[in-house]
Amino acid sequence: MLWLKNAYVVDPIQGVSGVRDVVTRDGRILLLGRNIPADRLADGGEMEVVDCTGKYLFPGFVDAHVHLREPGQENKEDIASGSRAAVRGGVTSLICMANTEPVIDNQALVELVVRRGRQTGLARIYPLAAATKGLRGEELTEMAELQECGAVGFSDDGRGIQNGEIMRLALEYAKITGCPIVSHCEDAALAGQGVMRRGRAAAARGLAGIPATAESVMAARDVLLAGETGGRLHLAHVSTRGTLAALRAGKAAGWDITAEVNPHHLILTDEDVPLTNSSFKVNPPLPSAEDRESLLKALADGTIDMLATDHAPHTWEEKARPFAEAPFGMTALETALPAIWTYLVRPGLLSVERLVEAFARRPAERFALRAGTLRPGAAADMVLFDPDYEETVSAERMASKSANTPFLGRTLRGFPIKTWVEGRLVFER
Ligand code: DOR
């Protein structure tokens, strides 16, 4: 048994935000309350007591958007290293993307990811399967079968599905399976050869721009298709005001739509992009200051349902290429929570309750995962968080195989100090 004393517990599902004790037994939450008397716990078993005064206790975070790169690109990341990175960052459940090599578009590979995740035994790993075979955008995968062997949704993330009829069919199936279609909204023709957000900052750097409409045009299409089909749609990495307008309209109409935003789109803008550091190169690209502000408001007011990292590891060699030639993507599993805390929660831009709702409760609900709460009976997936712990982000400390994060060298304040999965301590800082 484990007795966590005097933690500041935040659990929106139970409406809890205050100092509580939490007791776990056999990997489950047994009790959550104030000043639990010792005699209630006298069942003869061994009890470990942790004084949590001045610390937060959160439900383990649930990251709906992670690239684990296995199979095929294990030099960037694999399921074991990605799982270690996750629990270091307070993430105890994660959903991984299908744009691996080969693509996760068949039963054997879905099963492989599920099995490797279990073998690793750290964060809980849930695969998305590709929506179309080979991510080619031409032919749908066998969604019902893939769901049966463990896929919790479908996505061609990494590229947009250019053909509207294919997307419509995917959403028709999503209605039957009940699994969300996770849309990477990007019109390839509009995006062209762009490498950062089109605008003043791109022009000043002499870099080809991706217009905001490359995302929002497809988001509007997908929202309308979700309305027509009744299918379940989830918009990945929302980064523009146009997408927010489409999302608001679809939600107002009562359609089955959710959306996520990535921490980097809430913290950084296109003006922060240095020509000499392609760790700032990401797709969708870093937004304008106006878009960033609108995204933050939309997250705070619930228009955007959830936070997700889009952890996208790449090797040093690839990221050392000139900005225009380097691949898109940044790592985030280990820095998301400290960065959000430092730049959003600490300055009062995001409440701690909304943080937990957006990064634990909502993703768990949307993808039907048993996670995101400290309710008695739930699995004891928990994060002890020290709001004053400071650390400078460094490649040496990372559990991830890659360190292509724009926060490298920055000192962040607020880190997970212990993470438990099913009552097992899986990380300690
Ligand atoms: O920046 C990105 N990197 N965006 C994506 O959509 C894909 C990802 C990757 O797989 O590297």
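First, a word on what this report is: a plain description of the structure on this page.

Analysis parameters
Residues numbered from 1 in each chain as written. Predicted model: local features only at pLDDT ≥ 70, side-chain atom pairs only at ≥ 80, totals over all residues. Heavy atoms only, no water. Helix = DSSP H or I, 4+ residues; strand = E, 2+ residues; numbered from the N terminus. Buried < 20%, exposed > 50% of the residue type's maximum accessible area, 1.4 Å probe, protein only. Lys, Arg positive; Asp, Glu negative; His and termini not counted. Salt bridge = Lys/Arg side-chain N within 4 Å of Asp/Glu carboxyl O. Polar contact = N/O pair within 3.5 Å; in protein donor to acceptor, adjacent residues only side chain to side chain. Contact = heavy atoms within 4.5 Å. Disulfide = S-S within 2.5 Å. Pairing = 2+ DSSP bridges. Axes fitted to C-alpha atoms, helices over the stretch in contact; angles between N-to-C directions.

### Considerations on the side chain of Asp21
Line of reasoning, step 1. Topologically, Asp21 is positioned in strand β2 (residues 16-25).
Line of reasoning, step 2. One buried charged residue, Asp21, forms no salt bridge at all, with the nearest opposite charge on Lys5 at 5.8 Å.
Line of reasoning, step 3. From its side chain, Asp21 meets the backbone nitrogen of Asn6 in a polar contact 2.8 Å long.
Line of reasoning, step 4. In contact with Asp21, other than residues within four places in its own chain, are Trp3, Leu4, Lys5, Asn6, Leu31, Leu32, Gly33, Asn35 and Ile36.

### Considering the state of the cysteines
Line of reasoning, step 1. Here the structure, examined in full by the defined rule, presents zero disulfides.
Line of reasoning, step 2. This cysteine, Cys185, is not joined by any disulfide, and Cys179 carries the nearest cysteine sulfur, 19 Å off.

### What to know about the environment of Ile267
Line of reasoning, step 1. With respect to the element layout, Ile267 can be found in helix α9 (residues 263-267).
Line of reasoning, step 2. For the pair Ile267 and Met306, spaced 39 residues apart in sequence, the C-alpha to C-alpha distance is 15 Å.
Line of reasoning, step 3. In contact with Ile267, not counting residues within four places along its chain, are Asp272, Arg292, Ala339, Ile340, Tyr343, Leu344 and Phe407.

### Comments concerning the sheet that holds strand β7 (residues 91-96)
Line of reasoning, step 1. Spatial ordering of the open sheet is given by β6-β7-β8, a layout of three strands whose pairing is parallel. Where the open sheet ends on each side, the last strands, each with one partner, are β6 (61-66) and β8 (124-127). Within this sheet the neighbouring strands show an average axis-to-axis angle of 20 degrees, counted without direction.
Line of reasoning, step 2. Inspection of the sheet shows β6 paired to β7 by four bridges, in the parallel sense.

That's the geometry; what it means functionally is another story.
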